[in-house]
Every structure is written in structure tokens, then in C-alpha cells.
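Take a look at the letters that make up each chain.
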Amino acid sequence: MSTDSGVKERIERLIVDSAMFIDRDELDAWMDCFEQDARYIVMPRENRNLRLPVGIIHCENKARIEDRILCLRHANKYNPHFDRHIVSLPRVLSMEDGIASVETNFMIVQTNKTGESRLFCVGVYEDKIRVGKEKEAAKFVERIAVLDTFSVPTMLATPV
Amino acid sequence: MNSGKSGAGVDWERNDYSRLPFGLYHDPGIYRTEQEKIFRGPVWSVLGLEAEIPEPGDYRVTHIGDVPVVFNRDPGGGINAFVNRCAHRGAEIVREPYGNVQDFTCIYHAWCYTHRGDLVGVPFVKGVQGKGGMPADFDMGSHGLRKLRIATFNGLIFGTFSADTEPIEQYLGSMLVENVGEILGRPIRLLGYQRQRIYANWKMYMENVRDAYHASLLHEFNRTFGLSRLTQTSGGHMDERHRHAMLFQYKGSDGDTEAKKAYKDDRVQRSEYMTLNDSSLVQAVKENKSGVSTRIISIFPNGVVHQIANCLGMRRVRTRGPAELEIEFVLFGYADDDEAMTAHRVNQANMVGPAGLISMEDGEALELVQRATAPNPDGSAIIEMGGTGALMNLDTRVNEMPVRGFWSYYSELMGIEPAGAIR
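The following paragraphs examine the structure supplied in this document. Keep in mind it's a predicted model, so treat the numbers as computed, not measured. (Residues numbered from 1 in each chain as written. Chains lettered and ligands numbered in written order. Predicted model: local features only at pLDDT ≥ 70, side-chain atom pairs only at ≥ 80, totals over all residues. Heavy atoms only, no water.)

**So, the interface of chain B and chain A**
Then comes step 1: Taken residue by residue, the interface counts 37 residues in chain B and 35 residues in chain A.
Then comes step 2: Together, the buried faces of chain B and chain A total about 3200 Å²; carbon and sulfur atoms form 54% of this surface.
Then comes step 3: Considering only the surface of chain B that becomes buried against chain A, B:Arg195, B:Met274 and B:Met360 emerge as the three largest contributors, covering 16% of it.
Then comes step 4: Between B:Asp278 and A:Arg64 there is a salt bridge; the shortest N-O distance is 2.5 Å.
Then comes step 5: Inspection of the chain B/chain A interface yields 26 residue pairs in polar contact (both at pLDDT 80 or more).
Then comes step 6: Those elements that provide at least two residues to the side of chain B that touches chain A are β12 (188-198), α5 (220-224), β18 (325-334), α7 (339-348) and α8 (360-373) of chain B.
Then comes step 7: Looking at the side of chain B that touches chain A, the element that brings in the most residues is β12(B), giving nine residues.
Then comes step 8: Each residue belonging to the side of chain B that touches chain A can be placed in one class, and the counts come to 18 nonpolar, nine polar and 10 charged.
Then comes step 9: Sheet topology places strand β8 (residues 151-153) of chain A next to β12(B); three bridges connect them, and they run parallel. (Contact = heavy atoms within 4.5 Å. Buried area = accessible area lost by both parts, 1.4 Å probe. Salt bridge = Lys/Arg side-chain N within 4 Å of Asp/Glu carboxyl O. Polar contact = N/O pair within 3.5 Å; in protein donor to acceptor, adjacent residues only side chain to side chain. Helix = DSSP H or I, 4+ residues; strand = E, 2+ residues; numbered from the N terminus. Nonpolar A, V, L, I, M, F, W, Y, C, P; charged D, E, K, R; others polar. Pairing = 2+ DSSP bridges.)

Structure (C-alpha cells):
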């Protein structure tokens, strides 16, 4: 579908920035990409196909996203690593009442602290994005990261 | 304590499994023997839940050890399981992980089997135009798939390769019959799957789910929100043969102040306790008689049934060689849950699985043991929390008894018990 270039640019910026914030471990900035009542779900492809509701991570609103990150910072222990998100160009499916439905492929490569990299996962972001007015930043109303790699290697601690 | 030297080549050091030779995790010969004597031995392996195959024709693929097994519901409603390997040339027959079929047909030469695993179709068995075909004495009736014996208990499906495995309720013992029976005592509704692949030996995970001691030390979330603390009314109990175990606790049976002091005195707590925006994640709606808030019930050799607050699940563990395992978490609620209760269980599923707030660390901990012991498997682990010698049930989680229990039954089946072994 045709989308005006300013809208497309704001969508692309949100997709790229949100990925880069995770890779740079700037998780406060990553959380700011979500609206207050935004959902964030990491969904195994098999549950999606079977229409089962359980995710790997399932946050129904931003308060719960914040709880996830708080636990990550203060309670959880995980494999020390760096993430690299490689994202495709977003594909805008529709635009309704200022909210764009967008699909973007992603791939995450994890690198450990001694410099060995492995493909961690691939999948598709199914996003609902409030595009906002010209000077405003676009924000996620909903982000569902559908994991093709749903047999998760080792563990999944940092957001996808 | 006897020296437990004569363990068919395994140097146990002691007869009570309080020393564990690291070589048992890594020896490829041990792994091959396990497949035969444990997984194809006189045990009931967890296959799945009846709720996974509700309709006639439904099937799902799982594994016993590293052998792919298909369990299914036949058109008459009966439950069956067979090894996913064509009797003809050994090809994998079922290629989709789940589905609903009229029959099972191998794509290679189109040999066709029923849900029970009986061979009912061999294309051109009599040849074409009088030429070729199978010899006249070829008997389809004796070339079915390798079938497993099946037992079910409250909707949980078990399979065994052995003709000698005892009846299922006797195998489980009274503690599991009571507790698994209660958790699966009502019709359930599947909520989803989570899978985790850990690059470590499978037995480390079966120890982990019997290790009452680590739960609040490794999993800081447990300690912080009082889901599991060593200061609570809790314990690690076993069946009479000590092969299965149940770790349990009662949330709210200790005070935050008392708990904080205990962990601070033992220099575990690193920082102040945090609080959540939304504490419903850690709240339990009471739904069992005793008010027990967590039960991790391990079923020898490959299964777990858990209740963590209102997060209910079954786990099946697949071996993938000596250095890799896969855990499949199958989460469920009850068929009569209302929308709010289902949402609560979906929210609490955040606690388990590969990204589980109280389980993700297990993946890392097991790989740490794998990495540090595989290159040089000399030496042994220490398993003494809760005491050495005879195995017994303790009402504390400062306790590794059920881990020794696992090894005692494992060694009996493997034929590697130390001299004068305790059981």
C-alpha cells in the first residue's frame, strides 16, 4: 500500500531504534518505544499456529514490561552476551485511525564475552504502531515477536 | 559409609550417592546404555496429555530418550503409541509434529499403517502383470510398527517399551497419585507450549528438578517474592523407591523480615528487595485443599508436573546425545476457568520456560556444569545437603536427598550400583 514518506520514515525509525536500543543495552529507551497500555509478547510460532495464548514472554501493558526489565536488572542471571538485531525493511499492511499494522523480519545473533557468535533466533515482528503527528515519535501499541526459533537455545533473557 | 568401588566400572567413592562421578554426564558409552536400560527399560515415560490429542485421528510426535514416538487417538477413541520409523526401510513416517490423519503413510514407498501401528497397505504387494511383488510368504501382520504399551493416569499418557513395567499407579506411588491426581483431577484446557534447548547432559535437568536447595539461591525472583524460600514450610519428598520426587512449599508461611535476615546473614542477598508494578504475577489464587503454593513433581525418567502458584504445567525432556537436551513445557488451565483466570495463568506462564522469571537460570546453570566438567570429567560432585546415608523425606528445602534418590534408581536400572548400595 502507499504510505506517505513522513509516516514511513517514522515507522522505520521506531523499528530500527527499538532494535538498536536492545543491542546497546539501553532498555529504558527501549521501554519508551511503548505506549502505556501497549502489549509486548514473544510468541512461539507453534502456539500461534495452534491459537494457544501462552507466550515465552507475555506483558499485557507497559507496567508489566517494566517489571520484566526490573527483574532482568535485579534478579535474573543469564548467559553474558551481546545481541545484534538484523531487521528487514518494514512492510506496512494497513493504516487505520493513525495506527499502522506492520510486519518486519528479524534475526538475532548472540555473541558471548569471548567473541563467539551464534544465530540465536529468527522471526517476524507483528506490530501495531501509532504513527503520531509530524514531530512526534511513533510508538508501539502492540508488538508480537513471533519466534520461528521456538525451541529456544539455552535461555531467553533480554527482550527480542 | 562403605566405599562404593564396585559399580561396574563406575567409581562411586561411596555407597550412598553423596559423591557423583562427573564422567556419568559425559561418557558416550553410558549414554548408549541409558537409552537401552533406562528409556527402553522397565519405566513409564511421560508421552503427553490426552488434551493434546482430543479428537479421533489426532496425533503428536514426542520422544522417549532420543527415540521419536508418535502418540495418537484412533478412530475408536483408543490411545496408542508407536516408534516413528517405517518397518520397510526405516524412514520417518510422520513428518509434521502434530495433526489429524485417517492413517499413517510413509512417503518413501507408501506403506500404510493404522493408528495402532498395524501395517495395512503395501503398494503392489502382488506385483504388476504377474511380475515382481512380495514373496507369497510375506505377512503384513508381522511387520507393523514398533508399538509401545500405554497407560493413562488422569489424562496423563505414559508409554513403555518393556513388557515387565509394573501397573502405572504402583509405578507412581501414593504421593504422586495424590498430587499429580489432584493437579490433573479436573478436565484441563491447553494454554500453550514453550521449548528450551540446553547444551548439557539430560540428567543434570532431572537433578535440577529434584534439587530443593537451588530454587531460592539461583532463582532470585523466587526469594524476592516469597515463591520459594528456605525459611518457608517446605520440603523434598520421594516415593518409596526414591525414583520420583516432589519439592513443595507454602507461600506466606514465613515473614519477609525473617526471610530477609536469613538470606542476609548467609550473605546471599545482594541488594534491597524490589517491588513489582503489578504483583498479580506472584499471587496465588487458592485452588487446592492444603493450600500448597508450589509443587515440582518429577516423574522418573523424563517427566515433570508442576504447580507454581496458578501456573500449571507438564514438562517432557528429550535427550539429544550426551551433551544436549530439550525441555517441552506444556501449560494448561482447567476447562471451566473463566476469562480472568485464563489471563492470570497466561500471565503466570511468565515464570516458566526458557524466559521464565524463575526458570531461565537453569539453562545457564546446567551449561556451566557441562562446560566446566566435560573437558576433564575426573572428580565428583558433592551431594550432602540434608545429610548422607539412608534416603529419607525431609521437611526442608535445605536438602538434596531427592537428587541422591534419582541416582539410586538410575544406578539400579543401569546395573552400576556401588557395593552395598543404598536404595
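Next comes the rest of the account.
**Notes on the sheet that holds β18(B)**
Then comes step 1: Reading across from one edge, β8(A)-β12(B)-β18(B)-β17(B)-β16(B)-β15(B)-β14(B)-β13(B) is the order of the eight strands in this open sheet, with mixed pairing throughout. Edge strands, defined here as strands with exactly one partner in the open sheet, are β8 of chain A together with β13 (234-238) of chain B. The mean angle between the axes of side-by-side strands here comes to 15 degrees, regardless of whether they run parallel or antiparallel.
Then comes step 2: The pairing of β13(B) with strand β14 (residues 245-249) of chain B spans five bridges and is antiparallel. Across the sheet, residue B:Met238 finds its bridge partner in β14(B), namely B:Ala245.
Then comes step 3: With respect to the sheet, helix α9 (residues 401-414) of chain B is in contact with β13 and β14 of chain B, its orientation differing from that of β13(B) by roughly 15 degrees. (Axes fitted to C-alpha atoms, helices over the stretch in contact; angles between N-to-C directions.)

**Some points on empty space enclosed by the protein**
Then comes step 1: By the definition in use, this model includes five cavities of 30 Å³ or more.
Then comes step 2: If you add up the space inside the largest cavity, you get close to 220 Å³.
Then comes step 3: Lining the largest cavity we find 21 residues, and of these B:His219, B:Ile296, B:Ile308, B:Arg315 and B:Ile358 sit closest to its centre.
Then comes step 4: Residue assignment for the lining of the largest cavity shows that the elements contributing at least two residues are α4 (202-208), β14 and β15 (294-299) of chain B.
Then comes step 5: Of the residues belonging to the lining of the largest cavity, the class tally is nine nonpolar, eight polar and four charged.
Then comes step 6: Estimated volume of the second largest cavity: approximately 80 Å³.
Then comes step 7: Around the second largest cavity, the lining residues are A:His58, A:Cys59, A:Arg64, A:Asp67, A:Arg68, B:Asp278, B:Leu281, B:Asn347, B:Asn350 and B:Leu357.
Then comes step 8: Among the elements of the structure, β2 (57-59) and α4 (62-74) of chain A are those that each provide at least two residues to the lining of the second largest cavity. (1 Å grid on protein atoms, 1.4 Å probe; cavity = no way out; pocket = protein on both sides within 12 Å on 5 of 7 lines; lining within 4 Å. Points joined across faces, edges and corners; volume = space filled by probe spheres on them.)

**Considerations on the sheet that holds strand β4 (residues 67-73) of chain B**
All names here are of chain B.
Then comes step 1: If you walk across this open sheet you meet the four strands as β5-β4-β3-β6, and the pairing is antiparallel. At either margin of the open sheet sits one strand with a lone partner, and together these are β5 (79-83) and β6 (98-100). Along the sheet, successive strands turn relative to each other by an average axial angle of 25 degrees, direction set aside.
Then comes step 2: Taken together, the three bridges between strand β3 (residues 58-64) and β6 define a ladder with antiparallel strand orientation.

**Quick word on α9(B)**
The α-helix advances 3.6 residues per turn, and as a result positions three or four apart in sequence lie on the same side.
Residues and elements named next belong to chain B.
Then comes step 1: Here α9 is 14 residues long and its end C-alpha atoms lie 20 Å apart, about the 20 Å a rise of 1.5 Å per residue gives.
Then comes step 2: Counting buried positions along α9 gives 13 out of 14 residues, so the element sits mostly inside the fold.
Then comes step 3: Taken from the residues just after α9, Gly 415 is the one with a positive phi, measuring 70 degrees. (Expected span 1.5 Å × (residues − 1). Buried < 20%, exposed > 50% of the residue type's maximum accessible area, 1.4 Å probe, protein only.)

**Digging into the nonpolar core**
Then comes step 1: Formed by 108 residues in total, the largest nonpolar core has its most connected members in B:Leu156, B:Phe221, B:Trp407 and B:Tyr410.
Then comes step 2: Among the elements that line this core, the one with the most residues is α9(B), at eight residues.
Then comes step 3: With sequence-adjacent residues up to four places away left out, B:Phe221 is seen in contact with A:Cys71, A:Ala75, B:Leu227, B:Leu281, B:Val282, B:Met351, B:Leu357 and B:Ile358.
Then comes step 4: Listed in part, the 40 residues of the second largest apolar core include A:Leu27, A:Ala38, A:Tyr125 and A:Leu156. (Core = buried A, V, L, I, M, F, W, Y, C linked by side-chain atoms within 4.5 Å.)

**Side note on the pairing of strand β1 (residues 34-44) of chain A**
Residue and element names in this part refer to chain A.
Then comes step 1: For β1, a buried count of eight out of 11 residues is recorded, marking the element as mostly surrounded by other parts of the structure.
Then comes step 2: Direction of pairing for β1 relative to strand β7 (residues 139-147): parallel, over a ladder of seven bridges. What sits directly across from Met 43, in β7, is Val 146.
Then comes step 3: Two elements, β1 and β2, share three bridges in a ladder whose sense is antiparallel. Bridge pairing in β2 places Ile 41 opposite His 58.

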